[in-house]
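Descriptive structure summary
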Amino acid sequence: MQSIILKTKILGYISIMFFLILSCNKKSDLENQITIKINSIDKETKKNRLNMFDTVVVRKEGIGYLMKTFNKVGEYVTDSTGSVKIKIDSTKTYDISVLGLNVLGGEMCYPRHLKNGQEVNIEVFSIENR
């Protein structure tokens, strides 16, 4: 009698787990990807940094032991218009930094709020040698 009850409980748990797994409707990685355009903008003039070829470093948020980690996804170089187009996962959070000759800038990017083809403007400020 007890073995029948135990088998019924195990069968019930397995069927519940099976239905939970089937009900998950997760998008594939390709469906989550969006293309964004990152613009490098001078903080003082509020204009694109033309012909400067800044380096854009993209890092994806990860899970660390005590703190969040940001693993490097890639480095990109802006074109002559001061921008670069990249593909990112719309479900992740990114830290985007712009580095160039005596300039620095960065921003946290939450793609859930972005749409495909949207532009992200990152203001960079000048670092003077003193």
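The present account deals with the structure reproduced in this document. (Residues numbered from 1 in each chain as written. Predicted model: local features only at pLDDT ≥ 70, side-chain atom pairs only at ≥ 80, totals over all residues. Heavy atoms only, no water.)

**Quick word on a nonpolar patch on the surface**
Judged by side-chain polarity, L99, L104, F125 and I127 come together as a nonpolar surface patch covering roughly 310 Å² of accessible area. Mapping F125 onto the fold places it in strand 7 (residues 119-126). (Patch = residues over 30% accessible without salt bridge, like charges linked within 9 Å, V, L, I, M, F, W, Y side chains within 5 Å. Areas by Shrake-Rupley, 256 points an atom, 1.4 Å probe, with all protein chains shown as cover. Salt bridge = Lys/Arg side-chain N within 4 Å of Asp/Glu carboxyl O. Helix = DSSP H or I, 4+ residues; strand = E, 2+ residues; numbered from the N terminus.)

**Quick notes on the environment of G100**
Relative to the helices and strands, G100 is located in strand 5 (residues 94-100). Taking the C-alpha atoms as reference, G100 lies 16 Å from K47; in sequence the two are 53 residues apart.

**Section: the nonpolar core**
By size, the foremost hydrophobic cluster in this structure holds 17 residues, and its most contacted members are I36, I38, V56, I86 and I96. Sorting the residues of this core by element identifies strand 1 (33-42), strand 2 (55-62), strand 4 (83-89), strand 5, strand 6 (103-109) and strand 7 as the ones contributing at least two each. (Core = buried A, V, L, I, M, F, W, Y, C linked by side-chain atoms within 4.5 Å. Buried < 20%, exposed > 50% of the residue type's maximum accessible area, 1.4 Å probe, protein only.)

**Some remarks on unusual backbone geometry**
In this structure, K46 takes a positive phi of about 60° despite not being glycine. The phi torsion at N51 lies on the positive side, around 55°, for a residue other than glycine. Tracing the chain through its elements places N51 in the loop between strand 1 and strand 2.

**Quick look at the pairing of strand 3 (residues 69-77)**
Each regular strand carries side chains that alternate between the two faces of the sheet. Here strand 2 pairs with strand 3 via eight bridges, running antiparallel. Residue V56 lies in a different strand from strand 3, and its bridge partner there is Y76. In this antiparallel pair of consecutive strands, strand 2 and strand 3, the connection spans six residues. (Pairing = 2+ DSSP bridges.)

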